[in-house]
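Examining the three-dimensional arrangement
The lines below spell out each chain.
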There are 2 protein chains.
Amino acid sequence: MRFLRAFISTGYKASSLRNPHFIFELQMEESLRRALAEKQSAVDSQGNTVRALKAAKASKIEVDAAIEVLNGLKLDKSTMEKQLQAAVGSDGAVNREAFRQGVVNTLERRLFYIPSFKIYRGVAGLFDYGPPGCAVKSNVLAFWRQHFVLEENMLEVDCPSVTPEVVLKASGHVDKFTDLMVKDEKTGTCFRADHLLKDYCNEKLQKDLGISSENAAELKHVLAILDDLSAEELGAKIKEYGITAPDTKNPLSDPYPFNLMFQTSIGPSGLSPGYMRPETAQGIFVNFKDLYYYNGNKLPFAAAQIGQAFRNEISPRQGLLRVREFTLAEIEHFVDPEDKSHPKYYEVAELEFLMFPREEQMSGQSAKKIQLGEAVSKGIVNNETLGYFIGRVYLFLTHLGIDKERLRFRQHLANEMAHYAADCWDAEIECSYGWIECVGIADRSAYDLRSHSEKSGVPLVAHEKFSEPREVEELVIAPVKKELGLAFKGSQKMVVEALEAMNEKEAMEMKASLEANGEVDFYVCTLGKNVVITKNMVAISKEKKKEHQRVFTPSVIEPSFGIGRIIYCLFEHSFYTRPSKAGDEQLNVFRFPPLVAPIKCTVFPLVQNQRYEEVAKVISKSLTAAGISHRIDITGTSIGKRYARTDELGVPFAITVDSPSSVTIRERDSKDQIRVNVEEAASVVRSVTDGQITWADVWSNFPHHSSGSVED
Amino acid sequence: MRFLRAFISTGYKASSLRNPHFIFELQMEESLRRALAEKQSAVDSQGNTVRALKAAKASKIEVDAAIEVLNGLKLDKSTMEKQLQAAVGSDGAVNREAFRQGVVNTLERRLFYIPSFKIYRGVAGLFDYGPPGCAVKSNVLAFWRQHFVLEENMLEVDCPSVTPEVVLKASGHVDKFTDLMVKDEKTGTCFRADHLLKDYCNEKLQKDLGISSENAAELKHVLAILDDLSAEELGAKIKEYGITAPDTKNPLSDPYPFNLMFQTSIGPSGLSPGYMRPETAQGIFVNFKDLYYYNGNKLPFAAAQIGQAFRNEISPRQGLLRVREFTLAEIEHFVDPEDKSHPKYYEVAELEFLMFPREEQMSGQSAKKIQLGEAVSKGIVNNETLGYFIGRVYLFLTHLGIDKERLRFRQHLANEMAHYAADCWDAEIECSYGWIECVGIADRSAYDLRSHSEKSGVPLVAHEKFSEPREVEELVIAPVKKELGLAFKGSQKMVVEALEAMNEKEAMEMKASLEANGEVDFYVCTLGKNVVITKNMVAISKEKKKEHQRVFTPSVIEPSFGIGRIIYCLFEHSFYTRPSKAGDEQLNVFRFPPLVAPIKCTVFPLVQNQRYEEVAKVISKSLTAAGISHRIDITGTSIGKRYARTDELGVPFAITVDSPSSVTIRERDSKDQIRVNVEEAASVVRSVTDGQITWADVWSNFPHHSSGSVED
């Protein structure tokens, strides 16, 4: 993700901003409360329905069905109440951790992910996606391609991960992509310096209840400024607090920068250092010239890339959120800096969602719902194109199943942004670790293309042809070399270069001074001192010229998606538990939308029986033909257990074969079942997983099936 | 690809088998001849049609239309004749190179691929896929997922590229994944030793026409055994021939092995060496236990993975065919070694295609058409499962558009296969570089799982529960330690271990000898000598035991796809040229099937005109909604030029807006056009790109449109 790269030009350390933002309290309770209120109103409304049916003397079947729905809603409500009670309990962090444990246990047990190389005791920060996780990931990426690349006609590219040093020199990564590290002076074990300081402060605050309020305030202040501390300041604090190495309690070295790129060597000579790319964006920048040509030399256009990126983290924590190899999906939208309007902006302008502008953060307020169009027109969001992408990212994430109440767009504070950036917003998703930055959307101005232009000597620019030539004034600085040589001898070259490098403002000021005083003091940085320039040494003028085109470096607006982080947050947002029918255990469910679900459908013969199994095979074949991923489960386990197993994978639909001619289709969250003919089953599942129709449509078009004693 | 890994356990060098197979001549001329014959029969048949129409006194319009088709076919035929003449010309290699230059120029100019980091003068062996190439690649991968993962219910996983050393120690890569290298002794430049020797022999044979026939035979022999030469033998030949460094002519070092893995370091300590994986398969093997559990502890099942792999080639050649980073798609099908039948085998058994069994290679014959079922039943292909995958790979490749006349399945010779492999076939595709191995399909027996079991100590095994317990005889070897201690003192432990390590045959032979002679000579490898074992030192017996299950290491059948190689061959097979209407230039076309085409459809307003452009936008919107990737081209260029531009990208359909109510749809290869209503356009294109209907269906259902003067 690029929040990181934003810093390298200003020399911040790589860890900045990648921690969940400490100053904002978790708002999980709030969103639980909101969800509970919604459920309460559903209960009320269904209660009214039941009363109305009774008053209208409806048939017993109708009334009973409505009561069953009501009871279901009440059960859900009571589950949510328990969750809320847990979350607001005396120790919210403990409850969040318990919730996370529940999710993570399920994810690992069902192989959504697996610590990599587990049989060799694994490697910190490396994870495999097992079958359901891999399917979720490929569904998320397919939707990303559809939503961004296809709908926006982006130019997708695919570049290697192995990158020669020169490219990452130009981008700044070789010099500045570092975290501060300390070493256990006896064992050599490495730690992130800021982590140790943070852990110390947190532990002191939480466990040492006897500390004075001044001390507590000091520790809180350190936590607040942690990301801004220099190596020296961090080292001083570690010394001051007497922090030692965890476990061994040995003394620690001073903090020093560690480059987070995996280094390697390209070719056999050992003379060509290379790195595994820390982001995919550079592959796009170095291809700008070709891509611009491919686009018919027209702006704006966007290029996109999905691929692996690598960061050799010092000490990975937080499971899937901080890993050493991960998938990024990045967009570089190139645009004329003088025109950042967007033709499809109107399509998103009316969206309203949680935004957290700089002002609100500085004044201690919290995120609030703002209409995107308003944010752009008031200048809170810098320009239309940036606003358009914020809106598209919002649609992307919520479509995947991210809870819109736990999604906010947070603007970077002035000190978080690189000096060249025009504006920057992060899509942050709340999970049990806090608010996690999952997408960065930055207007990076012309920085990246300029850096590569300078380093490579290849101009990465765009042209705007004028319909008719324009007259422009051009600054002409003409050093008189003879005079300068007489005056400065061997230093002449440096003085000439410094004169020629003046910008318009500097040159016009010098011209004025020379005209007024005949001479002027002039600082030559390559000499490190002032020299005196007299009137006869340089001629400065402005000349009129006809220009046929404008040549400029495009600005780039960059939405950058941390796919693994989005998926992990999606896992948490999709997870819930509900009591089994017998009420003796809590069952896990992932409420993935069909778009994301790893398997769209399971097929269950109700009992082990050759005729049913043949029907199941026929249905399986039509599902395959329709491109619907599915599984047949012919084990003799009870149907209720099979449903529970499938709910835990987030499979939205289950087809149960209980007769040779017709079958039932069950929807995961409502547990509602309908009955269809065998021939129709696959096409119904296809329509509802494709999003052509909703389950509500299905529910109103097909006969309902009461589960009766089937689901145990 | 795994052809490589097959060798590491036998200590072959990594380059073996990755060169186009030298002993088989290129057969491009043959396939051109075949294609020409087909075209000739099309001309004949169309000629008959014309005559029949005239005889039946059909309308002038009908006759003229038929003649036009005939003329088109004749034109195609004459183009093909020229191609054939070129290919069989006095120097076929030159013509193949010219053909390749034509393809490669088009590919690079239209950004199918781009040398990576071009503005920094690139890095050998690294390529970017530009927009159309990236789209082709993602279409190929999506179809791979559909054809293999979805249809076969495979368990797809996604593992990191960064791999700790221990894993690649177990697999053998750390010790044996090497190529032999020589260095220019003065400049340090590195070369592949076999490449230098090969170039020397080829050049001598081609250019030095005065060499004796004995010398020529010797050089040809060297070329034939090149892949089998040891470091010492290669070095000796280089010395004998006086081969020096290219360009500098400096002396060369002796050949020595260079490991082809990119090495790096995991974490900050510098103490955990790691590598970028050279293949994706190891990630599956180390997860076998979890995946077996996920599959309900049942065999067979297949796991699959798509991902990047890395090989630090010494001196990459052959463009996209030999690169340092590439995409592999690998399948590991785990199966009971005692039952390699496959339930869906019958679906492929009747396929017939070019196969090249070991026997035919040894006896100097060429590949021939064999029915797959026959090859399996005759034991040419080792087992049904291997046969099934060969058939599925054939369907996969030909469905993508690989010419079935230039695709063959070649069986590995005995000396190419690892000792543990049961059988191995490569799908080889013929292109201008010769026959290129693009898919390896190997029955690797239990080798990989056993290696990781041993190294990790975690048993990677499967269980077969018996329906009722079985009585088995178990070998019991009971060394009498007291006697052995008296006899061998400090060597006792080694002798005991050696006795216990005997297999059944050895033990029963010893038992017989001891019973016959009272003593026996016994070689103890850890002592490096024979010792005398007497009757009182060891008791050997067979005991009957009840077993409830069988525990065994599954065999693995592994189809492994080099995606980049397949795509490059597909580019060559899809490329052709045809004369422009004016006949003044040759136009390039890629005949990609819609499945593979980077863009499915273009939309052209016939002339620059606001009404037409609005219609184009409406159609574009419905294409987006239908998920059809497309481009609008509103430039004022002539429609013929726009068609040519789009043919060169392999876009199969073009919608031309020439009225506000109806539009034409043009098919790329026939250049036929039909007319449809604006509202229908997107759905027609969707049906024909989805493969629901063919262009022939469209052609017979819609009114035809004569291009007239439009296509210039």
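Residues numbered from 1 in each chain as written. Chains lettered and ligands numbered in written order. Predicted model: local features only at pLDDT ≥ 70, side-chain atom pairs only at ≥ 80, totals over all residues. Heavy atoms only, no water.

**Digging into the confidence of the model for chain A**
Residue and element names in this part refer to chain A. Averaged over every residue, the pLDDT of chain A is 88; the share at 70 or more is 93%. Here residues 1-27 is a poorly scored stretch, pLDDT under 50, and it has 120 contacts once near neighbours within four places are set aside; other chains count. Taken together, the chains of this predicted complex give a pTM of 0.82 and an interface ipTM of 0.81. (pLDDT = per-residue confidence, 0-100. Contact = heavy atoms within 4.5 Å.)

**Description of the nonpolar core**
The biggest cluster of nonpolar side chains holds 139 residues, and the ones touching the most others in it are Trp-144, Phe-396, Leu-397, Phe-409 and Phe-561 of chain B. If one sorts the elements of this core by residue count, helix H15 (residues 384-400) of chain B sits on top with nine residues. Other than its neighbours up to four places away in sequence, Trp-144 of chain B contacts Val-149, Ala-304, Ile-306, Ala-329, Glu-330, Ile-331, Phe-396 and Phe-561 of chain B. Residues Ile-306, Leu-397, Ile-567 and Leu-649 of chain A belong to the second largest nonpolar core, which totals 72 residues. (Core = buried A, V, L, I, M, F, W, Y, C linked by side-chain atoms within 4.5 Å. Buried < 20%, exposed > 50% of the residue type's maximum accessible area, 1.4 Å probe, protein only. Helix = DSSP H or I, 4+ residues; strand = E, 2+ residues; numbered from the N terminus.)

**Description of the relation of the copies chain B and chain A**
The transform that puts chain B on chain A rotates by 180° and translates by 0.0 Å along the axis, for an RMSD of 0.2 Å. What we have between these two chains is a two-fold relation. Proximity to the rotation axis, assessed at the C-alpha, singles out Thr-264 of chain B in chain B; its C-alpha lies 2.5 Å from the axis. (Least-squares fit on C-alpha atoms with pLDDT ≥ 70 in both.)

**As for the environment of Asn-588 of chain A**
All names here are of chain A. Secondary-structure assignment places Asn-588 in strand S23 (residues 586-590). Note on Asn-588: relative accessible area 17%, which makes it buried. Along the primary structure Asn-588 and Gly-650 are separated by 62 residues, whereas in three dimensions their C-alpha atoms are 9.2 Å apart. Excluding residues that lie within four positions of it along the chain, Asn-588 makes contacts with Thr-106, Arg-109, Phe-575, Tyr-576, Thr-577, Ala-644, Asp-647 and Glu-648. Here the side chain of Asn-588 touches Thr-106 through a polar contact of 3.3 Å, side chain to side chain. Here the side chain of Asn-588 touches Glu-648 through a polar contact of 2.9 Å, side chain to side chain. (Polar contact = N/O pair within 3.5 Å; in protein donor to acceptor, adjacent residues only side chain to side chain.)

**Re the environment of Gly-172 of chain B**
Following the sequence through the fold, Gly-172 of chain B ends up in the loop between helix H6 (165-170) and helix H7 (173-176). Along the backbone, Gly-172 of chain B and Val-94 of chain B are 78 residues apart, and their C-alpha atoms lie at a distance of 41 Å.

**Regarding the pairing of strand S21 (residues 555-562) of chain B**
Residue and element names in this part refer to chain B. Most of S21 is tucked away, with eight of its eight residues classed as buried. Burial along S21 is two-sided: Ser-555, Ile-557, Pro-559 and Phe-561 and Val-556, Glu-558, Ser-560 and Gly-562, pointing in opposite directions, are all buried. Two strands pair when backbone bridges link them, and strand S11 (residues 325-335) and S21 are joined in this way by six bridges, in the antiparallel orientation. Bridge pairing in S21 places Val-335 opposite Ser-555. As paired elements, strand S16 (residues 434-443) and S21 share five bridges and run antiparallel to each other. Residue pairing in the sheet places Ile-441 in a bridge with Pro-559 of S21. (Pairing = 2+ DSSP bridges.)

**Structural notes on the packing of helix H9 (residues 213-225) of chain B against helix H10 (residues 231-241) of chain B**
Residue and element names in this part refer to chain B. Following both chains from N to C, one finds H9 and H10 inclined at 150°, their axes separated by 13 Å at the closest point. By the angle between their axes, H9 is roughly antiparallel relative to H10. Read as a crossing pair, H9 and H10 show a hand that is left-handed. Along the contact surface, H9 presents Glu-218, Leu-219 and Val-222, while H10 presents Lys-237, Glu-240 and Tyr-241. In terms of residue class, the contact of H9 with H10 is made up of three nonpolar, no polar and three charged. (Axes fitted to C-alpha atoms, helices over the stretch in contact; angles between N-to-C directions. Parallel < 35°, antiparallel > 145°, perpendicular 65-115°, else oblique. Left-handed = near helix turned anticlockwise from the far one by under 90°. Nonpolar A, V, L, I, M, F, W, Y, C, P; charged D, E, K, R; others polar.)

**So, the packing of aromatic side chains**
Residue and element names in this part refer to chain A. What the rule picks out here adds up to 56 aromatic pairs over all chains. Here Phe-288 and Phe-301 contribute two aromatic rings whose centre-to-centre distance is 6.0 Å and whose plane-to-plane angle is 20°, an arrangement assigned as stacked. With Phe-288 in helix H12 (residues 288-294) and Phe-301 in strand S10 (residues 301-310), this pair connects stretches of sequence that are 13 residues apart. Across the pair, exposure class does not vary: Phe-288 and Phe-301 are buried alike. Among the aromatic residues, ring-to-ring pairing joins Phe-99, Phe-112, Phe-571, Phe-575, Phe-590 and Phe-592 into one connected group. One cation-aromatic arrangement involves Arg-550 over Phe-552; the distance from NZ or CZ to the ring centre is 4.0 Å. (Phe/Tyr/Trp six-rings, centres within 6.5 Å; stacked < 30°, edge-to-face > 60°. Lys NZ or Arg CZ within 6 Å of the ring centre and 35° of its normal.)

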